[in-house]
Amino acid sequence: VPSNAPVGAQFPFSGIDDRENWPIVFYNRTCQCQGNFTGYNCGECRFGYTGPNCTVRRNMIRKDIFKMTTAEKDKFIAYLNLAKRTVSPDFVIATGTYEQMNNGSNPMFADINVYDLFVWLHYYASRDAFLENGSVWANIDFAHEAPGFLPWHRFFLLLWEREIHKVTGDDNFTIPF
């Protein structure tokens, strides 16, 4: 449950940025999957579950990066490099604003590799706020200076880990800490 606390004095505006109630504003605009299913098409298991009906509980163990073997570190780097070379089969990024896309009648999207998708998502969450009349408010970072910091980063890392699973076929991969 996200905090109802105001964003804070560092952002003296209200109702102008879709990240103000980050991340709940997006969760309330997405489809709701049934049972332990999730994903944009409800075709994946919720985090922590596996199996054909997503009913098998699965615990993943994260390793301390300083205690990983050389082979484990090499595999981690190889997976990152593979993600940089693999176009996401599920996601694209917008290359224009809603206005530039003529309210959606002129779509402007581009393919993106799996690694850069997560770079872009993190940038989007922490970018400057765009105000009315083309003004920019550069003194806010909703991903790091707002109540959603911990839950958003947790979800971000779980989603990134899942995309690495898809790219590599290694369902045992976990992000080291």
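Residues numbered from 1 in each chain as written. Predicted model: local features only at pLDDT ≥ 70, side-chain atom pairs only at ≥ 80, totals over all residues. Heavy atoms only, no water.

**Description of the state of the cysteines**
Okay, step 1: Throughout the structure, instances matching the rule amount to two disulfides.
Okay, step 2: Cys33 shares a disulfide with Cys42; S-S distance 2.1 Å. The sign of the S-S torsion, about -85°, decides the handedness of the disulfide formed by Cys33 and Cys42: left-handed.
Okay, step 3: One disulfide bridge connects Cys45 with Cys54, the sulfur atoms lying 2.1 Å from each other. Because the sign of the S-S torsion sets the handedness, a value of about -85° for the bond joining Cys45 and Cys54 places this disulfide among the left-handed ones.
Okay, step 4: Across the protein chain, the way the bonded cysteines pair up, counted in sequence order, is 1-2, 3-4. (Disulfide = S-S within 2.5 Å.)

**Thoughts on the nonpolar core**
Okay, step 1: By size, the foremost hydrophobic cluster in this structure holds 20 residues, and its most contacted members are Phe76, Phe118, Trp160, Ile164 and Phe173.
Okay, step 2: Put simply, the parts of the chain that give this core at least two residues each are helix 2 (70-85), helix 3 (114-126) and helix 4 (149-168). (Core = buried A, V, L, I, M, F, W, Y, C linked by side-chain atoms within 4.5 Å. Buried < 20%, exposed > 50% of the residue type's maximum accessible area, 1.4 Å probe, protein only. Helix = DSSP H or I, 4+ residues; strand = E, 2+ residues; numbered from the N terminus.)

**As for helix 2**
Okay, step 1: Between its first and last C-alpha, helix 2 extends 23 Å over 16 residues, near the 22 Å set by a 1.5 Å rise per residue.
Okay, step 2: The secondary structure elements touched by the buried residues of helix 2 are strand 6 (109-113), helix 3 and helix 4. (Expected span 1.5 Å × (residues − 1). Contact = heavy atoms within 4.5 Å.)

**Notes on the packing of helix 3 against helix 4**
Okay, step 1: Contact geometry for helix 3 and helix 4: axes closest at 10 Å, N-to-C directions at 165°. For the element pair helix 3 / helix 4, the angle class is roughly antiparallel. Of the two possible hands of crossing, helix 3 and helix 4 adopt the one that is right-handed. Taken together, the residues of helix 4 that come into contact with helix 3 (itself represented by Val114, Phe118, Leu121, His122 and Ala125) are Trp152, His153, Phe156, Leu159, Trp160, Glu163 and Val167.
Okay, step 2: Of the residues that constitute the contact of helix 3 with helix 4, the class distribution is nine nonpolar, two polar and one charged. (Axes fitted to C-alpha atoms, helices over the stretch in contact; angles between N-to-C directions. Parallel < 35°, antiparallel > 145°, perpendicular 65-115°, else oblique. Left-handed = near helix turned anticlockwise from the far one by under 90°. Nonpolar A, V, L, I, M, F, W, Y, C, P; charged D, E, K, R; others polar.)

**Section: the UniProt feature "domain: Tyrosinase copper-binding" (unreviewed entry) in the protein chain**
Okay, step 1: In the UniProt entry, the feature "domain: Tyrosinase copper-binding" (unreviewed entry) is given for residues 144-161.
Okay, step 2: Within residues 144-161, the helical portion is 72% and the strand portion 0%, while the C-alpha atoms at the span's ends are 20 Å from each other. (UniProt positions renumbered as here; feature names shortened; annotations may be inferred.)

**Regarding the pattern of salt bridges**
Okay, step 1: For the structure shown, the criterion picks out seven salt bridges.
Okay, step 2: For Lys75, the salt bridge goes to Asp170, with nearest N and O atoms at 3.3 Å. With Lys75 in helix 2 and Asp170 in the segment after helix 4, this pair connects stretches of sequence that are 95 residues apart.
Okay, step 3: Taking the relative accessible area as the measure of exposure, Lys75 reaches 39% and is therefore partly exposed.
Okay, step 4: Of the charged contacts, one joins Asp90 and Lys166 as a salt bridge, the two residues approaching to 3.0 Å between their closest N and O atoms. Of this pair, Asp90 sits in strand 5 (residues 87-94) while Lys166 sits in helix 4, and the two are 76 residues apart along the sequence.
Okay, step 5: Each member of the salt-bridge network shares a partner with another, and the members are Glu44, Asp90, Arg162, Glu163 and Lys166. (Salt bridge = Lys/Arg side-chain N within 4 Å of Asp/Glu carboxyl O.)

**Some details on the packing of aromatic side chains**
Okay, step 1: Evaluated as defined, the whole model comprises six aromatic pairs.
Okay, step 2: Ring geometry for Tyr79 against Phe173: centres 5.6 Å apart, planes inclined by 65°, an arrangement best described as edge-to-face. Remark: Phe173 occurs in the segment after helix 4 and Tyr79 occurs in helix 2; sequence separation between them is 94 residues. Take Tyr79 and Phe173: they sit in the same class, and that class is buried.
Okay, step 3: The interplanar angle of 25° and the centroid separation of 5.0 Å between the aromatic rings of Trp152 and Phe156 together place this pair among those described as stacked. A residue pair is termed a helical-turn pair when its members lie 3 or 4 positions apart in one helix, as Trp152 and Phe156 do in helix 4 at four residues. Accessibility classification places Trp152 together with Phe156 in one group, the buried group.
Okay, step 4: In this structure an aromatic cluster arises from ring pairing among Phe76, Tyr79 and Phe173.
Okay, step 5: Note that Arg57 overlies the ring of Tyr49, its terminal NZ or CZ placed 5.1 Å from the centroid.
Okay, step 6: Directly above the ring of Tyr115 sits Lys84, whose terminal nitrogen or CZ lies 4.7 Å from the centroid. (Phe/Tyr/Trp six-rings, centres within 6.5 Å; stacked < 30°, edge-to-face > 60°. Lys NZ or Arg CZ within 6 Å of the ring centre and 35° of its normal.)

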